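# Structural features, examined
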Amino acid sequence: MNGSSIFAPIKTHNTNTNNKQLMREMSIDLIFMLTRDDKTVQDARKYVKEIVAEGVKHIGFKDVGLPFEDLKELTQDLRQAGVTVYLEVVSLDSESEINSAKVAMDLNVDYLLGGTRPELIAPLVKDHSLKYYPFVGRVEDHPSILKGSITEIATQAEEITSLDGVDGLDLLAYRHAEEDIPSLIKEVCKLSKKPIIVAGSIDSVSRIEAVKATNAAAFTVGTAAFERSFPANKPGVGGQVECILKTCAS
């Protein structure tokens, strides 16, 4: 699968000139998740302007952590900021997964990520304009962890991306404790018929560089930015985003 950006250019506001240039140069997209430990942060709305000002075009949240009305207000803020909106499902039971898919449609997000039951969710969302990227591999617990061999996960990637209504895959690569992660990503990208987003525990420059070296189309960062894991030159989440974008463009 071609690793070039899968996302259409989005108009952003209050973006400084340097970061505009970085965004043009990036070969992989950053999806900033307003989440910590696989839950949407309580004060998510207050970070939107700061993150968008750094040039981020893709922002998401989880299906847990905030009630629907708060997610609705957050989605409105993101729409006003001109970014592409993502909801990622981390609930494990089928009823919650179906409900979260319905929430994604009610919120009118652009991308529905995660979940482990594409055979149930793809038909449910097929008439909505959102793009659907379910998890690949065996996903357990909360925060989510990934299990299965490289061969098993890559084979499943080929199978899932053959389904109508599936637009790509959400790969929790760094949530796997046993396999060689770069090899896992590369093999999944090789067998998948559709684009791959690498999500979860990308908490260092070296991990971003490793993902860049694969054919993944995008990656997510959430917890690591809120925990100030990246070597930023300025304080706050904005400084974290600046560092991540520079790494993407380097």
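Now for a description of the structure that goes with this document. Source: prediction; values computed, not measured.

Moving on to the sheet that holds strand β1 (residues 29-33). One open sheet holds the eight strands; their spatial order is β7-β6-β5-β4-β1-β12-β11-β10, and the pairing between them is parallel. In the strand order of this sheet, the two ends are held by β7 (131-133) and β10 (169-171), each with one partner. Going from strand to strand, the sheet's axes swing by 25 degrees on average, the running direction of each strand aside. The pairing of β10 with strand β11 (residues 196-198) spans three bridges and is classified as parallel. Counterpart to D170 in the pairing with β11 is I197. Running at roughly 175 degrees to strand β4 (residues 58-62), helix α3 (residues 68-81) makes contact with β4 and β5 (84-89) of the sheet.

So, on to helix α7 (residues 181-191). All of the buried residues in α7 are I181, L184, I185, V188 and C189. What you see down the axis of α7 is that its buried residues fit within an arc of 125 degrees, all on one side. For α7, the elements touching its buried residues are β9 (145-147), α6 (150-160), β10, β11 and α8 (205-212).

With that settled, consider the nonpolar core. As a rule of thumb, soluble globular proteins bury nonpolar side chains together. Core analysis: the largest hydrophobic core is formed by 72 residues, its most contacted members being L34, L112, I185 and F219. Looking at this core element by element, the count peaks at six residues for helix α10 (residues 236-249). Residues I31, Y111, Y133 and I197 belong to the second largest nonpolar core, which totals eight residues.

Here the focus is the packing of α8 against α10. Packed helices, taken two at a time, are described by their axes: the angle between them and the distance between them. In contact at an axis separation of 10 Å, α8 and α10 are set at 35 degrees when each is read in the N-to-C sense. Of the two possible hands of crossing, α8 and α10 adopt the one that is right-handed. For the pair α8 and α10, contact is made by V205, I208, E209 and K212 and by C243, I244, T247 and C248, respectively. Among the residues forming the contact of α8 with α10, the class breakdown is five nonpolar, one polar and two charged.

What you tend to see is this: most non-glycine residues have negative phi, and most peptide bonds are trans. Cis geometry is adopted by the peptide bond preceding P143, which originates at H142 and carries an omega value of 0 degrees. As for its position among the elements, P143 is in the loop between β8 (138-140) and β9.

Applying the stated criterion across every chain, the model contains zero disulfides. Cysteine C248 remains unbridged, with the sulfur of C243 as its closest cysteine sulfur at 9.6 Å.

For a regular strand, the rule is simple: side chains alternate between the two faces of the sheet. Burial analysis of β1 places five of its five residues in the buried class, the great majority of the element. Side-chain alternation along β1 places D29, I31 and M33 on one buried face and L30 and F32 on a second face that is also buried. Sheet topology places β1 next to strand β12 (residues 218-221); four bridges connect them, and they run parallel. Residue L30 lies in a different strand from β12, and its bridge partner there is F219. Sheet topology note: the β1/β4 ladder contains two bridges and is parallel. Its bridge partner lying in β4, F32 is registered against I59.

Parameters at a glance
- Residues numbered from 1 in each chain as written.
- Predicted model: local features only at pLDDT ≥ 70, side-chain atom pairs only at ≥ 80, totals over all residues.
- Heavy atoms only, no water.
- Pairing = 2+ DSSP bridges.
- Helix = DSSP H or I, 4+ residues; strand = E, 2+ residues; numbered from the N terminus.
- Axes fitted to C-alpha atoms, helices over the stretch in contact; angles between N-to-C directions.
- Contact = heavy atoms within 4.5 Å.
- Buried < 20%, exposed > 50% of the residue type's maximum accessible area, 1.4 Å probe, protein only.
- Arc of directions from axis to C-beta.
- Core = buried A, V, L, I, M, F, W, Y, C linked by side-chain atoms within 4.5 Å.
- Left-handed = near helix turned anticlockwise from the far one by under 90°.
- Nonpolar A, V, L, I, M, F, W, Y, C, P; charged D, E, K, R; others polar.
- Disulfide = S-S within 2.5 Å.

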